[in-house]
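If you want the building blocks of each chain, they are given just below.
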Amino acid sequence: MTGITVKELLEATGGNLLHGQEDQHVKHISLDSRKMEGDDLFVPIVGERVDAHRFLCQAIASGAAVVFTSEHHCGEDVKACVRQQCGENREQERKALQAAWIEVSDTKKALQDLGSFCRKRLSLPLVGITGSVGKTTTREMIAEALSAGFKVYKTPGNSNSQVGVPITIAEIPQSAEIGVIELGMSEPGEMERIARVARVDCAVMTNIGIAHIEQLGSQECILEEKLHIQEGMPPEGILFLNGDDPLLASVVPKEGRKKVLYGLGRDCDYRAEDLHLEEGYPVFTAVHGDCRVRVRLKVMGSHMVSNAMAALAVADTYGLSMEKAALALGQFKGYKGRQQIFEWGGVTVIDDSYNASPVSMKAGLEVLDSVKGERKIAVLADMKELGPDTERFHAEIGAYIGEHPLDMVLLLGELAACIGRGMDAARAATPHIEIDSLAQAEEWLDENIREGDCILFKGSNSMKLSEAVNHLKETRS
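Residues numbered from 1 in each chain as written. Predicted model: local features only at pLDDT ≥ 70, side-chain atom pairs only at ≥ 80, totals over all residues. Heavy atoms only, no water.

**Q** What is the right way to look at the environment of Glu279 in this model?
**A** The topology assignment puts Glu279 in the loop between strand 14 (270-278) and strand 15 (281-288). Separated by 21 residues in sequence, Glu279 and Met300 place their C-alpha atoms 8.5 Å apart. (Helix = DSSP H or I, 4+ residues; strand = E, 2+ residues; numbered from the N terminus.)

**Q** What am I meant to see in the nonpolar core here?
**A** A general trend in soluble globular proteins is that nonpolar side chains are found buried together. Core analysis: the biggest nonpolar cluster contains 53 residues, and Leu41, Val66, Leu114, Leu183 and Leu239 have the highest contact counts within it. Residues from two domains meet in this core; each of domain 1 (2-108) and domain 2 (121-328) gives at least three. Setting aside its immediate chain neighbours within four residues, Leu239 contacts Ala203, Met205, Leu227, Ile229, Gln230, Met233, Val251, Pro253, Lys258, Lys259 and Val260. In terms of nonpolar packing, the next biggest core, distinct from the first, is built from 39 residues, Ala143, Val204, Met309 and Ala326 among them. (Core = buried A, V, L, I, M, F, W, Y, C linked by side-chain atoms within 4.5 Å. Buried < 20%, exposed > 50% of the residue type's maximum accessible area, 1.4 Å probe, protein only. Domains from an automatic or database assignment. Contact = heavy atoms within 4.5 Å.)

**Q** Before we go on, may I ask you to explain the pairing of strand 14 in this structure?
**A** Residues in a regular strand point their side chains to alternate faces of the sheet. In terms of strand pairing, strand 13 (residues 258-263) meets strand 14 through two bridges, oriented parallel. Considered in strand 14, the bridge of Tyr262 is made with Tyr270. As paired elements, strand 14 and strand 15 share six bridges and run antiparallel to each other. Pairing of Leu277 across the sheet is with Pro282, part of strand 15. The antiparallel hairpin formed by strand 14 and strand 15 contains two residues in its connecting segment, where Glu279 sits at a positive phi of about 55°. (Pairing = 2+ DSSP bridges.)

**Q** Where do I start with the sheet that holds strand 4 (residues 28-30) in this structure?
**A** Sheets are built from strands paired through backbone hydrogen bonds, the pairs being either parallel or antiparallel. An order of 2-7-6-5-4 is seen for the five strands of this open sheet, with the pairing classed as mixed. A single partner strand is all that each edge strand has here, and the edge strands are strand 2 (16-19) and strand 4. Pairs of neighbouring strands in the sheet enclose a mean axial angle of 30°, with direction left out of account. (Axes fitted to C-alpha atoms, helices over the stretch in contact; angles between N-to-C directions.)

**Q** What is the right way to look at helix 10 (residues 219-226) in this model?
**A** The set of residues buried in helix 10 consists of Ile222, Leu223, Glu225 and Lys226. Angularly, the buried residues of helix 10 cover 165° about the axis, an arc narrow enough to put them on a single face. (Arc of directions from axis to C-beta.)

**Q** Could you clarify how one ought to interpret helix 1 (residues 6-13) in this entry?
**A** Along an α-helix, residues three or four positions apart point the same way, because every turn accommodates 3.6 residues. Taken residue by residue, helix 1 has Val6, Leu9, Leu10, Ala12 and Thr13 as its buried positions. For helix 1, the angular spread of the buried residues around the axis is 165°, confining them to a single face. Projecting away from the buried face of helix 1 at angles above 90 degrees are the exposed residues Lys7 and Glu11. Within two residues after helix 1, Gly14 carries a phi angle of roughly 70°, on the positive side.

**Q** I keep staring at the side chain of Thr348 and nothing clicks. Help me out?
**A** Along the polypeptide, Thr348 turns up in strand 18 (residues 347-352). Classification of Thr348 as buried rests on a relative accessible area of 13%. Beyond its immediate chain neighbours, meaning those up to four positions away, Thr348 contacts Ile341, Phe342, Glu343, Val371, Asp453, Cys454 and Ile455.

**Q** Is there a simple way to think about the pattern of salt bridges in this case?
**A** Side-chain pairs of opposite charge can arise where the charged atoms are in close proximity. Applying the stated criterion across every chain yields a total of 24 salt bridges. Lys154 serves as the salt-bridge partner of Glu140, at 2.7 Å between the closest nitrogen and oxygen. On the criterion of sequence distance, the pair formed by Glu140 in helix 6 (residues 135-146) and Lys154 in strand 9 (residues 152-154) is long-range, its members being 14 residues apart. Owing to a relative accessible area of 33%, Lys154 belongs among the partly exposed residues under this scheme. (Salt bridge = Lys/Arg side-chain N within 4 Å of Asp/Glu carboxyl O.)

**Q** Explanation requested: the sheet that holds strand 10 (residues 178-182) in the structure shown.
**A** Reading across the sheet, the nine strands line up as 9-10-8-11-12-13-14-15-16 and stay open at both edges, with mixed pairing between neighbours. Each edge of the open sheet is held by one strand with a lone partner, namely strand 9 and strand 16 (291-296). Strand-to-strand twist in this sheet, taken as the mean axis angle between neighbours without regard to direction, amounts to 20°.

**Q** How should the environment of Phe240 be read in this particular structure?
**A** Residue placement: Phe240 occurs in strand 12 (residues 238-242). A relative accessible area of 0% means that Phe240 is categorised as buried. The spatial distance from the C-alpha of Phe240 to the C-alpha of Ser175 is 26 Å, given a sequence separation of 65 residues. Ignoring sequence-local partners within four residues, the contact set of Phe240 consists of Cys202, Ala203, Val204, Met205, Val260, Tyr262, Ala313, Val314 and Thr317.

**Q** Is there a simple way to explain unusual backbone geometry in this structure?
**A** Most peptide bonds take the trans form, and the phi angle of most residues other than glycine is negative. A positive phi angle, near 55°, is found at Asp274, a position not held by glycine. The phi dihedral of Lys464 falls on the positive side, at around 60°, and the residue is not glycine. Its location among the elements puts Lys464 in the loop between strand 22 (453-458) and helix 18 (465-476). Classification of Lys464 by relative accessible area gives partly exposed; the value is 46%.

**Q** Looking at this model, I keep getting lost on the packing of helix 7 (residues 164-171) against helix 8 (residues 190-198). Mind explaining?
**A** Working note: a packed helix pair is described by the angle between its axes plus the distance between those axes. Interaxial distance between helix 7 and helix 8 falls to 9 Å at its minimum, and their mutual angle equals 5°. Taken together, helix 7 and helix 8 sit at an angle that is classed as roughly parallel. Here helix 7 contributes Val165, Pro166 and Ile169 to the contact with helix 8, which in turn contributes Ile194, Val197 and Ala198. Looking at the contact of helix 7 with helix 8 residue by residue, the class counts come to six nonpolar, no polar and no charged. (Parallel < 35°, antiparallel > 145°, perpendicular 65-115°, else oblique. Nonpolar A, V, L, I, M, F, W, Y, C, P; charged D, E, K, R; others polar.)

**Q** Help me out: how do you make sense of the pairing of strand 17 (residues 340-344) in this one?
**A** Here five bridges tie strand 17 to strand 18, and the two strands are oriented antiparallel to one another. Bridge pairing in strand 18 links Ile341 to Ile350.

These figures come from the coordinates and say nothing about function on their own.
Structure follows, in structure tokens:
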């Protein structure tokens, strides 16, 4: 973020300066009171368990120059807070009273207002990405394709929420020529709020699955919510839709916006033909009109082809030839925790531990099946937020394994146990064991893994399978 003054923060948020100077500058935004880059704005978010207003003085001591507050309403309130939080620490008290304190009615909304303010100062086009599965990988592939002709800024990490998107917008540097912004949602109304901050120029929708169905009720409701990504989009904006998803293929964009379908189907404007896997890596021909381009990916699994077609469609729309975009896309090797493939001590590891849904778990198993290895082993954990049919969705994974045999499956979690029941019902030839903890998974790996094995780790992020991946790396490297 280029330097922004307290005066501009007041203008952006309608806030009230309780203490400090209007000419104070901030260069970064932080939500973590322990982590500052210097001259930060600290935004204390009021969570279900913790109210970050408790850490205002700690944030300033760590490097914040300005803080938002919805709990203090005058200069005396600020001084009382400083006395309470700093105690006998005079140096911390001195720093706290040098900072600017801005009163806002709601800190999260103030952050979103600041994001909108920063968006108005940007002239570069923004590509928005949403969907139930594959948002981050699609974001990375689009950014890679666009890098063939632009200086690209993309969402860092998983900053795609009501607080992540405003920070992402604020951090876009002046040198960027195009932005690729991920927009996620897990509850009604969330997409509209962040879409009005980002005001994307076009949007890519990857699919409509069942993630967050507990909160939203049905896939149709999920689609309706995600279509709010059009809020703030100009009338000439474009919706890039996965034409292989029946719900997305039938979408009629709002306000006459253009609709572009991508995928493998014959009706897609940008489609993949002649698809086959070479040692697990997709090779295909990308087709648009009379243009045909051979594409070879360095990420495994046929499900990656749809993401690649989205990237090529966006790049072509912004004036890059599909040939140049395909060459750039061919350099993409995946994203941390999402089907990253490593070899440690003669063992091939597929790290797909960041998140999980029925679609992505089957895709991970497909990749496992395609990779060379003496034994194929899957460590599978619970898939979260799948609603009332969650046990059935897990059992369907078991049925899938029944049709695509492996050498061993480890199941971590009460829901993952339903995968085992699905395997039993399908009379799967694959043996499976249920484990109660990551420690038990690590113990089994230590005692049973041998050179030549190939292992997939797949589950929702909250199941922390990444820890088992790291353990295996430490023991095999």
